[in-house]
Each structure stands twice: as C-alpha cells, then as structure tokens.
Amino acid sequence: MVQEKLLQIYQLMFEHFGDRHWWPAQTKEEVVIGAILVQNVSWSNTEKAIEKLRQQDLLSFAALHRAPLDEIEPCVVSTRFYKTKAKKLKAFSDFLDANYKGDLEAFLRQPVPQLREQLLNIYGIGPETADDIVLYAGGQLSFVIDAYTQRILARLGITQEQAGYEELRTWFMENLPADVALFNQYHALLDAVGHHYCSPKNPSCTPCPLAPLCQYAQQNHSFTQS
Ligand code: SF4
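Residues numbered from 1 in each chain as written. Predicted model: local features only at pLDDT ≥ 70, side-chain atom pairs only at ≥ 80, totals over all residues. Heavy atoms only, no water.

## Observations concerning the nonpolar core
In a soluble, globular protein the nonpolar side chains are often hidden away together inside. Where we set the bar: What makes a nonpolar core is a set of buried Ala, Val, Leu, Ile, Met, Phe, Trp, Tyr and Cys residues whose side-chain atoms join them at distances within 4.5 Å. To sort residues, take the accessible area from a 1.4 Å probe on protein chains only and compare it with the maximum for the residue type: under 20% means buried, over 50% means exposed, and anything in between is partly exposed. To qualify as a helix, a DSSP run of H or I must reach at least 4 residues; to qualify as a strand, a run of E must reach at least 2; elements of each kind are numbered from the N terminus. A domain assignment, automatic or from a database, supplies the domain bounds used here. Contacts are assigned to residue pairs that have any heavy atoms within 4.5 Å of one another.
One finds Leu53, Phe92, Phe107, Leu119, Phe172 and Tyr186 to be the most contacted residues of the largest nonpolar core, which totals 74 residues. Broken down by element, the residue count for this core peaks at eight residues, all from helix H12 (residues 180-196). Residues from two domains meet in this core; each of domain 1 (2-20 + 145-220) and domain 2 (28-137) gives at least three. Non-local contacts of Leu53, meaning those with residues more than four positions away in its chain, are made with Ile33, Leu37, Leu58, Leu59, Leu64, Ile72, Cys75, Val76 and Leu89.

## With respect to the domain arrangement of the protein
Note the threshold: Note on definitions: buried area is the accessible-area loss of two parts on being combined, 1.4 Å probe, summed for both. Each salt bridge in this description consists of a side-chain nitrogen of Lys or Arg and a carboxyl oxygen of Asp or Glu lying within 4 Å of one another. Counting of polar contacts relies on pairs of N or O atoms within 3.5 Å, with two restrictions inside protein: one atom must be capable of donating a hydrogen and the other of accepting it, and residues adjacent in sequence are counted only when both atoms are side-chain atoms. Charged residues are taken to be Asp, Glu, Lys and Arg, nonpolar residues to be Ala, Val, Leu, Ile, Met, Phe, Trp, Tyr, Cys and Pro, and polar residues to be all remaining types, Gly included.
Each assigned domain of the protein is listed here: domain 1 (2-20 + 145-220) and domain 2 (28-137). Just the C-alpha atoms count here: the centres of domain 1 and domain 2 sit 27 Å apart. Contacts between domain 1 and domain 2 engage ten residues on the former and eight residues on the latter. The contact between domain 1 and domain 2 buries some 710 Å² in all, and 50% of this surface belongs to carbon and sulfur atoms. For domain 1, the biggest contributors to the area lost against domain 2 are Tyr165, Arg169 and Asn184; these three give 51% of the whole. A salt bridge links Arg169 to Asp131; the shortest N-O distance between them is 3.5 Å. Across the domain 1-domain 2 interface, the total number found is five residue pairs in polar contact (both at pLDDT 80 or more). Mapped onto the side of domain 1 that touches domain 2, the elements with two or more residues apiece are helix H11 (165-175) and H12. Per element, the largest residue contribution to the side of domain 1 that touches domain 2 is five residues, and it comes from H12. Residue composition of the side of domain 1 that touches domain 2, grouped by class: five nonpolar, two polar and three charged.

## Some details on the side chain of Glu73
With respect to the secondary-structure elements, Glu73 resides in the loop between helix H5 (69-72) and helix H6 (82-100). Those residues within four positions of Glu73 in sequence are excluded, and the remaining contacts are Tyr82, Lys83 and Ala86.

## Side note on the site of the ligand
The cut-off we apply is this: For this description, a residue counts as near a given molecule or strand if any of its non-hydrogen atoms is within 4 Å of it.
Taken together, the neighbourhood of the ligand is formed by Arg155, Tyr197, Cys198, Pro203, Ser204, Cys205, Cys208, Ala211, Cys214, Tyr216 and Ala217. Residue classes in the shell around the ligand are distributed as nine nonpolar, one polar and one charged.

## Considerations on helix H3 (residues 43-55)
Filter applied, for reference: One less than the number of residues in a helix, times 1.5 Å, gives the span that helix is expected to have. In this description, one arc is meant: the one made by directions from the helix axis to the C-beta atoms.
Between its terminal C-alpha atoms H3 stretches 18 Å, which fits the 18 Å expected from 13 residues at 1.5 Å a residue. Among the residues making up H3, those that are buried are Trp43, Thr46, Ala49, Ile50 and Leu53. Down the axis of H3, the buried set is contained in an arc of 115°. They therefore lie on one face.

As structure tokens, then:
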C-alpha cells in the first residue's frame, strides 16, 4: 500500500520532469567533492567552485591532500562558509590518504553500513552528504533525505513534519524496491519538486505534478485528491 503510493508519486514526478541525470559529474571524486561543497548552498554556486578547482588542478583528492588550505580556499569562495568547506575537503582527502592510500574506489566498495559509519566519522560529513556519497559516488543503496523531501512528504500527508532524518531514510528504504537507479532518480525528482514548486511559503501547487495526491494542495486550493 505504502509502496504503491510511493511509486505513484514517483511516476507523477517522472512524467513531469523526466530523467534528471543526477549527479552531474565527470568522476566519482567530483561527486564527493560536489556533495561536500553543496552543503547549504545552491548547485550553481557549487558548480563555480568545482570549475575553479578544475582550473587549478585541484579536482582530485590526491591534489587536495597535497595542497595547503590557502590554495584551496580561493577556489571555493562561491560556496558559503568557504574556509570551513576547504577544511572539509582537506579532511576527506587526509582520511582517504591515511586509511585507503588515496584509493576512493576501495573506500566506496565497502558494505553500506561500514561505509556510512566511516563517512559519518569524517569531519564535515553529515547524514545527507554521507548518503549522497554512498548512492551517487558509490552506486550503493542508501536513500538521501533533505529539507525538500521532509517538506514534500509532510505536505502530501504521508509523514509527520517533524520526522527526523534517520526515521525518514529507514521508511523510504523499507517501502521502496531495493533499486539503486530508482533511489537515484527518486531523490533527484523530489529535489526538482522542492526547487521549482514546493517552497517553504506559498508553494506553487497549480503546476506541481504532485497536486492530485497532495493533502496541502487539497486543503489550500481546489484540488481533488486521488
Ligand atoms: S502540491 Fe503544493 S504543497 Fe503539494 S507537493 Fe506540490 S507544491 Fe508542495
């Protein structure tokens, strides 16, 4: 029943937005670097930082490990709290060098529980970033939760507004088929709904593909819930 509803939501979003081609990156290292830089900042500002790192030959963990912080910082100024972001990149590169001789593939190959636990112990990696890395860089099963997901699911009337990160992640993983491609696309589609329509105040329900299923839209507009 819950799975059927979740797949119906997915179908509506997919028909509306199509394939989101997420995560936009040329390498796994770029995915991880992007996942760290995008914390609390827009993707367009993250892209500017990635481009600068690329221009300076710093878009790899080997290069970041060798570079002093004051070489990394100017490249990432477009991301908020750029000094902290530079430290986070450095911390990840130092971890990889010390524990995996810089081999990102070897690190990502571990079973998800171990990988996630190690990620969460690295400075600057919280649950959302860890799950971005597991799913989009590691290609392994982990559902990514963000503020958009929490808001959309609550407005749909499916989960509680105050549902926490781990609770929602577990709920998705228990109710969706275990399919990496589905998890990948599902998170990207929810982000598209959040970005384009489901803003914190005055969401744009009329063009939103989820309006026919949405409790909030039904209560605040004249939609009929299906
Ligand atoms: S219909 Fe409105 S409230 Fe519901 S998910 Fe879409 S934008 Fe958000």
